[in-house]
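# Structural description and commentary
Listed here are the chains, written in short residue letters.
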Amino acid sequence: MDGSTFVYDGRSGPWACTIYLLTQEEGNFAAVGDVALDGRHRCKLVLCQPRVPVETGLDLLKRRCVDWIEQVERHEQDSSRTQPLPA
């Protein structure tokens, strides 16, 4: 299965997001987005939408990948603020 990869430059470094189109029959959109950082798989996002053109569905899934990355980075940043500094 061939995928389309884009790189998102986040605070943690470059994130690789690969989108795999699963189906586009009868106007229904289905795809999977794999999100990785430093070669380590971090998340798999699935988007299934009826009556959505392929380009629109791909844009939606890309946006969800970026939103997930930004949420993780915010959480990691907030966690590092609440941890005590080493002595």
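Described in the following lines is the structure provided in the data block. Since this is a predicted model, take the numbers as computed values, not measurements. (Residues numbered from 1 in each chain as written. Predicted model: local features only at pLDDT ≥ 70, side-chain atom pairs only at ≥ 80, totals over all residues. Heavy atoms only, no water.)

### Overview of the overall build of the protein chain
Just so we agree on the cut-off: Secondary structure follows DSSP: runs of H or I at least 4 residues long count as helices, runs of E at least 2 residues long count as strands, and numbering of each begins at the N terminus. Burial classification: accessible surface area is computed with a 1.4 Å probe over protein chains only, and a residue below 20% of its type maximum counts as buried, one above 50% as exposed, and the rest as partly exposed. A contact between two residues is defined here by any heavy atoms of the two lying within 4.5 Å. Surface accessibility in these figures is a Shrake-Rupley result with a 1.4 Å probe; residues are shielded only by whichever protein chains are displayed.
Within the protein chain, the regular secondary structure consists of 1 helix and 4 strands. With 87 residues in all, the protein chain has 33% of them scored as buried. Taking the intrachain contacts of the protein chain between residues at least 6 apart in sequence as the baseline, contacts between residues at least 24 apart amount to 36%. Total accessible area on the protein chain stands at roughly 6,000 Å², and carbon and sulfur atoms take up 50% of it.

### So, unusual backbone geometry
For residues besides glycine, phi is generally negative; the peptide bonds are generally trans as well. Positioned with a positive phi, aspartate 38 is a non-glycine residue whose angle comes to about 55 degrees. Looking at the secondary structure, you find aspartate 38 in the loop between β3 (29-37) and β4 (40-49). The backbone of arginine 51 shows a phi angle near 55 degrees, a positive value even though the residue is not glycine. Within the secondary structure, arginine 51 is located in the loop between β4 and α1 (54-82).

### A word on the sheet that holds strand β1 (residues 4-10)
Here is the rule we go by: DSSP bridges decide pairing: two strands pair if at least two such bridges lie between them. Think of each axis as a best-fit line through the C-alpha atoms, taken over the contacting stretch in the case of a helix, with angles from 0 to 180 degrees between the N-to-C directions.
Strand order in the open sheet formed by 4 strands is β1-β2-β3-β4, and the pairing between neighbours is antiparallel. Each edge of the open sheet is held by one strand with a lone partner, namely β1 and β4. Direction aside, neighbouring strands of the sheet carry axes that sit 20 degrees apart on average.

### A look at the packing of aromatic side chains
Under the convention used in this document: Note on aromatic contacts: the rings of Phe and Tyr and the six-membered ring of Trp form a pair at centre separations within 6.5 Å, being stacked when their planes are under 30 degrees apart, edge-to-face when over 60 apart, and tilted otherwise.
Scanning the model with the defined rule gives 1 aromatic pair in all. For the pair tryptophan 15 and tryptophan 68, a centre-to-centre distance of 6.1 Å together with 85 degrees between the ring planes defines the contact as edge-to-face. Here the residue tryptophan 15 occupies a position in strand β2 (residues 13-23), and tryptophan 68 occupies one in helix α1, the gap between them amounting to 53 residues. The residues tryptophan 15 and tryptophan 68 share a single accessibility class, namely buried.

### Side note on the side chain of aspartate 34
Considering the arrangement of structural elements, one finds aspartate 34 in strand β3. You can call aspartate 34 buried: its relative accessible area is 14%. Aspartate 34 has contacts with Ala16, Cys17, Thr18, Tyr20, His41, Cys43 and Lys44, leaving out every residue within four places of it along the chain.

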